[in-house]
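The lines below spell out each chain.
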Amino acid sequence: MESRPILSICIVSYNRREELKKIVDKLLENSDSTNIEIIVSDDGSTDGTVEQMNEYVRKYKTLKFYTRNVALGAIKNWMAALLMGSGKYVMTLNDRDTIETDNLNDLVEILSSNNDIVAGYCDPFLQDNSIKYYEGIEILFKVAYRSLHPSGYFFERDRLGELPCMQENLKYLIKENVGYWPHDFAIAECFDKGRVLFYKKRLVVKSNNEYIATHRSGVDASSVENIWFSPKQRLEQLTRIIKHIQTLEIDQVKKRFLINKVVYRQLRYATIIYASYRENKYECQHYGLETKKISKEEMKIIVTDFKNEYIKYLNLAHFDWTYKVITKIICDCYSFVLMVKGLL
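Predicted model, so just to flag it, every value in this text is computed and none were measured. (Residues numbered from 1 in each chain as written. Predicted model: local features only at pLDDT ≥ 70, side-chain atom pairs only at ≥ 80, totals over all residues. Heavy atoms only, no water.)

## Re the pattern of salt bridges
All chains considered together, the criterion is met by 21 salt bridges. For lysine 59, the salt bridge is made with glutamate 55, and the minimal N-O distance between the two is 3.8 Å. Note that lysine 59 and glutamate 55 are positioned in helix α2 (residues 49–59) at a spacing of 4 residues, about one turn of the helix. Residue lysine 59 is classed as exposed on the basis of its relative accessible area of 56%. A salt bridge links glutamate 236 to arginine 240; the nearest nitrogen and oxygen atoms lie 3.5 Å apart. Here the residue glutamate 236 and the residue arginine 240 both occupy positions in helix α11 (residues 231–245), the gap between them amounting to 4 residues, near one helical turn. Residue glutamate 236 is classed as partly exposed on the basis of its relative accessible area of 27%. Residue classification places arginine 240 among the buried residues on the basis of a relative accessible area of 9%. Residues joined in a network through salt bridges with shared partners are Lys232, Glu236 and Arg240. (Salt bridge = Lys/Arg side-chain N within 4 Å of Asp/Glu carboxyl O. Helix = DSSP H or I, 4+ residues; strand = E, 2+ residues; numbered from the N terminus. Buried < 20%, exposed > 50% of the residue type's maximum accessible area, 1.4 Å probe, protein only.)

Rendered as structure tokens:
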């Protein structure tokens, strides 16, 4: 009987044949075939990806390739790809990103020697060579609901399929329920099941600015409100997160503190982070937008609209008056912070 691989690297792909080939070649050449499995979940590519990967599968036993005639879309494909892996742990990787294999065996060693790790994230941005573990309620406060880049999330495979967000044919993993961050909800549901690892050594690497600028996104950018980093999308994501927090088995005091933290975080994303994206020429080219500096007046409108629309949601969802009071306090305090920074 063949032993189970420690880690399945699950690559989601759509019409990026050359980028996919580079990732797969690197993994095949530089990883331990006994501990690493490579999964490619193709969402109906028409650029020769299918033919190329079928040829690879005939040569390499550690590679498994799945394709479909009807596309799932990126969000469902991310999570469906993870369920295709047979490793003890399964990690998601976008086909436009890559892995620096020098630290891959290090991660595998950590995962193989710590049976209480249920999930984790390999940070493609803040790579300070550190390793951190979180457990219990701190997973919800420090790891979950952060809207992180999808490449680098990993989960204990057997436990993943049992999480509530993965039940009933992934019905919870559609944009109306999870936005662009299904991994956030899965990580949150692991909070009482073991430790979560935050891996900040150089492993997962996001595509560079030049690539981003020269490859247009498939997201409908006819209106900036359709794009994931817009204030409107951040507000909608906040309401999805609040609904999910309500399903968690934690006491009401912790729920209140967690909701307040998420409100502040999403408000920051809707203002400072949004402004940084609008000034980033590479991201704007990727989405077909003109670069723009957000004025103080626009920033004020964003904060006011965010506060008013969120309070409207609280009223419709029948939250008690204390949530609305705290929301006003959070938004007013945040406005003061923006004013001090000269942004409002």
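## Overview of the sheet that holds strand β2 (residues 36–42)
Backbone hydrogen bonds hold the strands of a sheet together, and the pairing may be parallel or antiparallel. Read across the sheet, 8 strands follow the order β3-β2-β1-β4-β8-β6-β9-β7 without closing on themselves; strand pairing throughout is mixed. Among the strands making up the open sheet, the edge pair consists of β3 (63–66) and β7 (131–135). Adjacent strand axes in the sheet meet at a mean angle of 20 degrees when their direction is disregarded. Bridge count for β2 against β3 is 4 bridges, and the pairing is parallel. Bridge assignment links isoleucine 39 to a residue of β3, and that residue is lysine 64. Those strands touched by helix α3 (residues 74–84) are β1 (7–13), β2, β3, β4 (89–94) and β8 (153–156), and its axis lies near 145 degrees from that of β1. Helix α4 (residues 104–113) rests against β1, β2, β4, β6 (117–122), β7, β8 and β9 (195–199) of the sheet, and its axis sits at about 165 degrees to β9. (Pairing = 2+ DSSP bridges. Axes fitted to C-alpha atoms, helices over the stretch in contact; angles between N-to-C directions. Contact = heavy atoms within 4.5 Å.)

## Overview of the packing of α11 against helix α14 (residues 296–316)
Direction vectors running N to C along α11 and α14 enclose 30 degrees, while the axes themselves pass 11 Å from each other. One way to sum up the angle between α11 and α14 is to call them roughly parallel. Every pair of crossing elements has a handedness; the one defined by α11 and α14 is right-handed. Here α11 contributes Pro231, Leu235, Leu238, Thr239, Ile242 and Lys243 to the contact with α14, which in turn contributes Ile302, Phe306, Glu309, Tyr310 and Tyr313. Partitioned by chemical class, the residues of the contact of α11 with α14 number 8 nonpolar, 1 polar and 2 charged. (Parallel < 35°, antiparallel > 145°, perpendicular 65-115°, else oblique. Left-handed = near helix turned anticlockwise from the far one by under 90°. Nonpolar A, V, L, I, M, F, W, Y, C, P; charged D, E, K, R; others polar.)

## Regarding the packing of α11 against helix α12 (residues 252–279)
Where α11 contacts α12, the axes come no closer than 9 Å and their chain directions differ by 165 degrees. When the axis of α11 is compared with that of α12, the two are roughly antiparallel. In this structure, α11 crosses over α12, and the sense of that crossing is right-handed. Taken together, the residues of α12 that come into contact with α11 (itself represented by Pro231, Arg234, Gln237, Leu238, Ile241, Ile242 and Ile245) are Lys255, Leu258, Ile259, Val262, Val263, Gln266, Tyr269, Ala270, Ile273 and Tyr274. Grouping the constituent residues of the contact of α11 with α12 by class yields 13 nonpolar, 2 polar and 2 charged.

## Points about the nonpolar core
In this structure, Leu140, Tyr145, Phe155, Ile187 and Tyr310 are the most contacted members of the largest nonpolar core, which totals 75 residues. The element that contributes the greatest number of residues to this core is α12, accounting for 11 residues. In this structure, Ile11, Leu107, Val108 and Leu111 belong to the second largest nonpolar core, which totals 32 residues. (Core = buried A, V, L, I, M, F, W, Y, C linked by side-chain atoms within 4.5 Å.)

## Details of a nonpolar patch on the surface
Together, Trp321, Val325 and Ile329 give the surface a local cluster of nonpolar side chains, amounting to about 330 Å² of exposed area. For tryptophan 321, the location among the structural elements is in helix α15 (residues 321–340). (Patch = residues over 30% accessible without salt bridge, like charges linked within 9 Å, V, L, I, M, F, W, Y side chains within 5 Å. Areas by Shrake-Rupley, 256 points an atom, 1.4 Å probe, with all protein chains shown as cover.)

## What about the pairing of β4?
Across the 6 residues of β4, 6 count as buried, placing the element largely inside the fold. Along β4, one buried face is formed by Tyr89, Met91 and Leu93 and the opposite face, lined by Val90, Thr92 and Asn94, is buried too. Strand direction decides the pairing type here: β1 and β4, joined by 6 bridges, are parallel. Note on β4: the bridge partner recorded for isoleucine 11 is leucine 93. Direction of pairing for β4 relative to β8: antiparallel, over a ladder of 3 bridges. Bridging across to β8, valine 90 finds its partner in phenylalanine 155.

Keep in mind that these numbers describe shape and distance, not what the molecule does.
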